[in-house]
Amino acid sequence: DAEGFLKEQFDIYVYNWLFNDLDTDFDVATVKRMQNIKKITHKVIEYIARFEDELKAIWEKPKFVRNCNYVLTLDRLSEHTDIIEKLIKSPGWKNQEEEWQSLYNEWTDDKGDVTKKEWKEFALERDFEKQIIQKDKLNSKYQYLPIDTKFFPELRYQLLSCFENLKESLDGQIIKTDNWQGLNTILPLFRSQANLVYIDPPFNTGSDFHYKDKYQDSTWLSLMSDRLQLTNNILSSNGNFFLHLDYRANFLGRIISDYHIGKLNNEIIWCYSRPSIKNQTNYTRLHDTVFWYIKDKNNVVFNDELIRIPYSESTQDRNKYAAGGSKYAGGSTERVTNELGKIPEDYWYIPLPPGNDNQFMFFETQKPEQLLKRIIDGSTNVGELIVDYFSGSATTICTAHKLRRKWLGMEMGEHFEHKNLTRLKKVLKGDQGGISKEKDIKWQGGGFFKYYELEQYEDVLAKSQYQ
């Protein structure tokens, strides 16, 4: 409310101006002069306020989509080998091959150090395209090659017409956008649709790494408040919200989440390990906080059978004694009651992503897929929607994809392409990092997702004409 704020500030200014000077003579001329000044000032404020209201309207208006494309694996076109043959013959095929090759090559940083080992999934034989279709059928060896429609604009609509229900056929979508603009724009389509929202926002560390993280507490709270208000609107009736923070902002995060989402359901402590630091002057910090909120306490999803972990060896030994008829004098009364294991406590030890694992994207605050797997398995079912609007290194949406959930991600800047899109294509091809090899996953590849940009506030301002 620019008008109300500025008029209030003017009144405070005038009061201080007049009454801090004990020699002020409140004669008719002085009062008349002040009335005239007030009229002029209010007129100026009203002009300013109209302009501010225009800027606010531009900020809040849903934004247009641009540069929309799709990525899909060839198995999704297995019944349309004629389309696959057109892709191979297209001028864009060479560009597609070059992208696959770039994904296979090692990455190096500015110093020449290797920052990513090659992804062997993208190593292709010479003239492999001649082997893709054999006897009018798709060769299963190449069924998970990811095709990006940006290389095939002339075939894009033929590709999409192969799907009777495009929306249902998509596994997910990722948007390049400021996440407030993204949430505000998707709200009409996704209101009450998200079964799980997990976010790992800036921790308010006071330092920058891959994204801005030098917010003052008040600015951080304002940023989070605006987004959590929209989060509450997209959560389904049985929706779950997980907020991941560390000691620098967890106390603020809980306050603002209690306000917008509701009463806290559980506080989970995630523990991990790191190499020791020389000349250390403090206890080693090796945990983060994950707050778990439930939209409706009377409508809870908790898949305990999917998240169970093995009992400790001591517990198993006690039960062996008991089964043999022996008495066991132990301090704990825990018993083995489920062959799948026990429900985890609210402190989880899950290691950080190792540097030699395919899931590792050289993203400083990257979380392990195993952590997201427990969160997603425990609170959602196959086919339900997972949202992460601080996508970062894409761990949430890649894990959701492997677990056969629908997903929606948002990210800005260069790591939209270099981290998110690249890693998603790797997952579609069948990467074997993270949770891929776990016995209940056995990830092989495949998928279909959409990616696009939203115009931003600055774009609209640049195109606006003022009269």
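Preceding this section is the structure that the text describes.
Treat the numbers as computed from the prediction; the structure is a model and nothing was measured. (Residues numbered from 1 in each chain as written. Predicted model: local features only at pLDDT ≥ 70, side-chain atom pairs only at ≥ 80, totals over all residues. Heavy atoms only, no water.)

Check the secondary structure of the chain and you find 15 helices and 15 strands. Counting across all 467 residues of the chain, residues that qualify as buried make up 47%. For the chain, long-range pairs separated by at least 24 residues make up 75% of all intrachain contacts whose partners lie at least 6 apart in sequence. (Helix = DSSP H or I, 4+ residues; strand = E, 2+ residues; numbered from the N terminus. Buried < 20%, exposed > 50% of the residue type's maximum accessible area, 1.4 Å probe, protein only. Contact = heavy atoms within 4.5 Å.)

Two packed helices can be described by the angle between their axes and the distance between those axes. Interaxial distance between helix α1 (residues 2-19) and helix α2 (residues 28-60) falls to 9 Å at its minimum, and their mutual angle equals 155 degrees. The angle between the axes of α1 and α2 places the two elements in the roughly antiparallel class. As for the relative orientation of α1 and α2, their crossing is right-handed in sense. Counting all contacts with α1, which are made through Ala-2, Glu-3, Leu-6, Lys-7, Phe-10, Asp-11, Val-14, Trp-17 and Leu-18, the residues of α2 involved are Met-34, Ile-37, Lys-38, Thr-41, His-42, Ile-45, Glu-46, Ile-48, Ala-49 and Glu-52. In terms of residue class, the contact of α1 with α2 is made up of 11 nonpolar, two polar and six charged. (Axes fitted to C-alpha atoms, helices over the stretch in contact; angles between N-to-C directions. Parallel < 35°, antiparallel > 145°, perpendicular 65-115°, else oblique. Left-handed = near helix turned anticlockwise from the far one by under 90°. Nonpolar A, V, L, I, M, F, W, Y, C, P; charged D, E, K, R; others polar.)

The next thing to look at is unusual backbone geometry. Most peptide bonds adopt trans geometry, and most residues besides glycine take a negative phi value. Residue Asn-67 is not a glycine yet carries a positive backbone phi of 50 degrees. Tracing the chain through its elements places Asn-67 in strand β1 (residues 65-73). For Asn-67, a relative accessible area of 48% corresponds to the partly exposed category. Despite not being glycine, Asp-136 shows a phi value in the positive range, around 60 degrees.

Taken as a whole and assessed by the stated rule, the structure comprises 16 aromatic pairs. Ring geometry for Phe-449 versus Tyr-451: centroids 6.4 Å apart, planes at 50 degrees, classification tilted. There is no split in this pair, since Phe-449 and Tyr-451 are both buried. Three or more aromatic residues joined by ring pairs form one cluster here, namely Trp-93, Trp-100, Phe-128, Tyr-142 and Phe-152. Over the face of the ring belonging to Tyr-247 we find Arg-285, whose NZ or CZ atom lies 4.2 Å from the ring centre. (Phe/Tyr/Trp six-rings, centres within 6.5 Å; stacked < 30°, edge-to-face > 60°. Lys NZ or Arg CZ within 6 Å of the ring centre and 35° of its normal.)

Hydrogen bonds between backbone groups are what pair the strands of a sheet, and the pairing can be parallel or antiparallel. The strand order across the open sheet formed by 11 strands is β6-β1-β15-β7-β14-β13-β8-β9-β11-β10-β12, and the pairing between neighbours is mixed. Edge positions in the sheet fall to β6 (146-148) and β12 (347-349), since each has one partner strand and no second. Averaged over neighbouring strand pairs, the angle between their axes works out to 20 degrees when direction is ignored. With two bridges joining them, strand β8 (residues 194-199) and strand β13 (residues 385-388) adopt parallel strand pairing. What sits directly across from Val-197, in β13, is Val-387. (Pairing = 2+ DSSP bridges.)

We now examine the layout of surface pockets. Considering only enclosed or pocket space, the second largest pocket measures out at about 610 Å³ in volume. Lining the second largest pocket are 24 residues, and of these Lys-167, Leu-170, Gln-173, Phe-190 and Leu-385 lie nearest its centre. Listed by contribution, the elements that provide at least two residues to the lining of the second largest pocket are β1, α6 (166-169), β7 (172-176), α7 (179-190), β14 (406-411) and β15 (448-454). For the lining of the second largest pocket, the element with the most residues is α7, which contributes four residues. Residues that form the lining of the second largest pocket fall into these classes: 12 nonpolar, six polar and six charged. (1 Å grid on protein atoms, 1.4 Å probe; cavity = no way out; pocket = protein on both sides within 12 Å on 5 of 7 lines; lining within 4 Å. Points joined across faces, edges and corners; volume = space filled by probe spheres on them.)

Our next topic: the environment of Cys-68. Along the chain, the position of Cys-68 falls in strand β1. Separated by 384 residues in sequence, Cys-68 and Tyr-452 have C-alpha atoms that sit 4.2 Å apart. Those residues in contact with Cys-68 that lie beyond four places of it in its chain are Arg-156, Lys-450, Tyr-451 and Tyr-452.

We now examine helix α13 (residues 395-402). The element α13 is extensively covered by neighbouring structure, given that eight of its eight residues are classed as buried. Of all the residues in α13, the buried ones are Thr-395, Thr-396, Ile-397, Cys-398, Thr-399, Ala-400, His-401 and Lys-402. Backbone geometry just after α13 places Arg-404 at a positive phi near 60 degrees.

To continue, consider the pairing of β13. Here β13 shows two buried faces, one formed by Leu-385 and Val-387 and the other by Ile-386 and Asp-388. Assessed by its sense of winding, the connection that carries the chain from β13 through α13 to β14 is right-handed. (Right-handed = clockwise from strand over helix to strand, strands pointing away.)

With that settled, the discussion passes to a nonpolar patch on the surface. Together, Tyr-15, Phe-19, Phe-26 and Val-31 give the surface a local cluster of nonpolar side chains, amounting to about 410 Å² of exposed area. Along the chain, Val-31 falls in helix α2. What makes Val-31 partly exposed here is its relative accessible area of 36%. (Patch = residues over 30% accessible without salt bridge, like charges linked within 9 Å, V, L, I, M, F, W, Y side chains within 5 Å. Areas by Shrake-Rupley, 256 points an atom, 1.4 Å probe, with all protein chains shown as cover. Salt bridge = Lys/Arg side-chain N within 4 Å of Asp/Glu carboxyl O.)

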